[in-house]
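Understanding the architecture of this molecule
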Amino acid sequence: MAPAHPKSTFIRPLPGEALPIHNRPDEWKIEQGLSGGKLPILDQSGPETRIIPPQKWPDIIKDEEAIKAVGDPNKLFTRELEGWKGYVEWEEFPEKKEKARRILAAQNFPPNPEFQMGPIPDSNPVLPGTHWKMWHHAVGGELMDVPEDSWATVLREKHPEMLHLLQFPYNGEPPKRLVTDKAVTPNSLHFVRNHGGIPLIDKDKFFFTLDGLVANPRSFTLDDIMDESKFPRIKKLVTMQCSGTRRIEQISLYAGQGDEVPQAPWAEGAIGTAEYVGISLKKVIKACGGLLEGAKHIEFYGAETYFKDNDVMNYVVSVPWSKVKANEVLLCWEMNGEPLPAIHGFPLRVMVLGYIGARSVKWLYRIKAIENPSLAPVQSKEYLYFNQQVGKYNQKPTDGIQIQEMPVSSAIMSPWTKQVVIHNGKIHCKGWAYSGGGRWPERIELSADGGFSWYAVPNTNLSEKHKWTWRTWQFDLPCDVEGWVEIVCRCWDNSLNTQPLTVRAAWNWGLHVTSSAHRISVYSVNKSHARTREKLQQFVDMNSPIAPLTWPEEFPTQSWEEYKQFWKENDPRDVDD
């Protein structure tokens, strides 16, 4: 724990006595907030300040007898269906859930890595997902091989340059240089936010059920819904965005909910656009005779296994019937002209247009019409937008707004923050802009002075306008200033919604929806200025390093003759009276 002595006084040592030492090697970093996770909490609610040190994790405990008493995992949690590897049905079997809970409660696991109030690892994958791997292995049975199978699927289906933010369950985004390389994102570069392992399902063995408050519950195979004589096909270009997009900006300033899975340190790449083929869910419900009275929400079940607070479940969320009724919820089997990749939900997934990506359930196996929003934890206790004064010590799920439609947002993909840019009076910038709920980017603006004055990106520099998609853009931003400048990007959608100007205005305990204007700091080197142009040539002539910026010059910047001549021609530094 970091030392803290709120009432300490300096005690002079006696002659020959050693001075008492309280500091530690990383004391300076702790004092300066560079290792905030090691700081003790100061409890000043009593008459004297009390020090609450950071948690020291107890020894790993595993009650083998209690676990053995539950039963054989290979029999308890066996494969549910032929051709459905990695799928366990939890929702229909509460007794099975209870047995898994008892297994997990009979042991403890290592602590989460601290990557918000401490350094983010340099590795790729950044975070391993240790807990989730251990939970799957602890429950065992059909879940035993899921972490390894899922990672093998990532390596097989994803671009080798993907940034793996979380190895398991897989969370990954493309590097900035490839995010907006194309207006339509290639499958291998589309971001992935998984909540569990990747079930491997045979197309010929696949089916899903539609039940609940419908007139005639029934099951469908993929061939059933691909029958164009019954269900008209829809081809739709869709942008999907994770609510964690640009989370790193919130984390860099203020830590929030610290779990390693929901709070993966996303940058600007947790967004992607693809062309999907499928059918309207509304048509499928009609084929079941329509909804019964009282049905107002449609619940989706994903075949992956999800863990929360020792509870084991399938991934379940819901959307309002009004969204389905408007033909804005699709069941899709094709992505960019190919069958859905396994990592994106093969054989069938939901695409909820304009909503948070968490509602677009993958590996869909059940649809259920219900009266109210789903009580499943992902819907009721996660993906909530809290007031800024709500946090760890006072939050209740009912204090949060359930995130559905995504707000207007944008991001600069080039240059990168803290980059040095040599230019001729204009800095070439590129990026994306998006607005959810069927709105679209109408105008993108950039500023080179921190947001005081704005330039509009010409329409000719924007990608095509579509109702459910982003617009990529590029612009040569005028910048005469040299030195550190702050470039800011913001978007106006067709409803004239725009972005709050500061990260603080968008910060929330769950670190969701970083919708503030995107800000980067770059060091401007303007070659249209004669002196800068000449100095840059000196670096070349002297074969002296230009990068990094902070590398000292290895040659004189001014001769003594020039120096003396200046003071002959100008007043001296000091005056006599």
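Residues numbered from 1 in each chain as written. Predicted model: local features only at pLDDT ≥ 70, side-chain atom pairs only at ≥ 80, totals over all residues. Heavy atoms only, no water.

Once that is clear, we can look at the domain arrangement of the chain. As assigned here, the chain comprises domain 1 (66-402), domain 2 (408-526) and domain 3 (530-569). Inter-centroid distance (C-alpha atoms) of domain 2 to domain 3 is 34 Å. (Domains from an automatic or database assignment.)

A few words now on the sheet that holds strand β17 (residues 364-370). If you trace the five strands from one edge of the open sheet to the other, you get β9-β8-β17-β12-β13, paired in mixed fashion. Strands at the two margins of the open sheet, each flanked by one partner only, are β9 (218-221) and β13 (311-320). Each strand of the sheet is rotated relative to its neighbour by a mean of 25°, with strand direction disregarded. Two elements, strand β12 (residues 297-308) and β13, share 10 bridges in a ladder whose sense is antiparallel. When the sheet's bridge partners are listed, His 297 is paired in β13 with Pro 320. Contacts from helix α4 (residues 94-105) reach β12 and β13, with the element oriented near 125° to β13. (Pairing = 2+ DSSP bridges. Helix = DSSP H or I, 4+ residues; strand = E, 2+ residues; numbered from the N terminus. Axes fitted to C-alpha atoms, helices over the stretch in contact; angles between N-to-C directions. Contact = heavy atoms within 4.5 Å.)

Another point: the side chain of Lys 96. Among the structural elements, Lys 96 can be located in helix α4. Take Lys 96: its relative accessible area is 11%, and that puts it in the buried class. Excluding anything up to four places from it in sequence, Lys 96 contacts Leu 76, Phe 77, Glu 80, Val 88, Glu 89 and Trp 90. (Buried < 20%, exposed > 50% of the residue type's maximum accessible area, 1.4 Å probe, protein only.)

A separate point is the packing of helix α5 (residues 130-139) against helix α6 (residues 146-157). For the pair α5 and α6, interaxial distance at closest approach is 9 Å and the crossing angle is 130°. Relative to α6, the element α5 lies oblique. The segment α5 lies against α6, with Lys 133, His 136 and His 137 engaging Val 146, Pro 147 and Glu 148. Taken together, the residues of the contact of α5 with α6 sort by class into two nonpolar, two polar and two charged. (Parallel < 35°, antiparallel > 145°, perpendicular 65-115°, else oblique. Nonpolar A, V, L, I, M, F, W, Y, C, P; charged D, E, K, R; others polar.)

The subject of this paragraph is empty space enclosed by the protein. Within the structure shown, the criterion is met by two cavities of 30 Å³ or more. Considered class by class, the residues forming the lining of the largest cavity number eight nonpolar, five polar and four charged. If you go around the second largest cavity, the residues you meet are Gln 241, Thr 245, Met 406, Pro 407, Ser 409, Val 513, Thr 514 and Ser 515. Partitioning the lining of the second largest cavity into residue classes produces three nonpolar, five polar and no charged. (1 Å grid on protein atoms, 1.4 Å probe; cavity = no way out; pocket = protein on both sides within 12 Å on 5 of 7 lines; lining within 4 Å. Points joined across faces, edges and corners; volume = space filled by probe spheres on them.)

Right, let's get into helix α14 (residues 530-541). The terminal C-alpha atoms of α14 lie 17 Å apart, and with 12 residues this matches the ideal 16 Å at 1.5 Å per residue to within 8%. Regarding α14, the residues found buried are Thr 532, Leu 536 and Phe 539. With its buried residues spanning 50° around the axis, α14 presents them on a single face. When the buried face of α14 is taken as reference, the exposed residues oriented beyond 90 degrees from it are Arg 531, Glu 534 and Asp 541. (Expected span 1.5 Å × (residues − 1). Arc of directions from axis to C-beta.)

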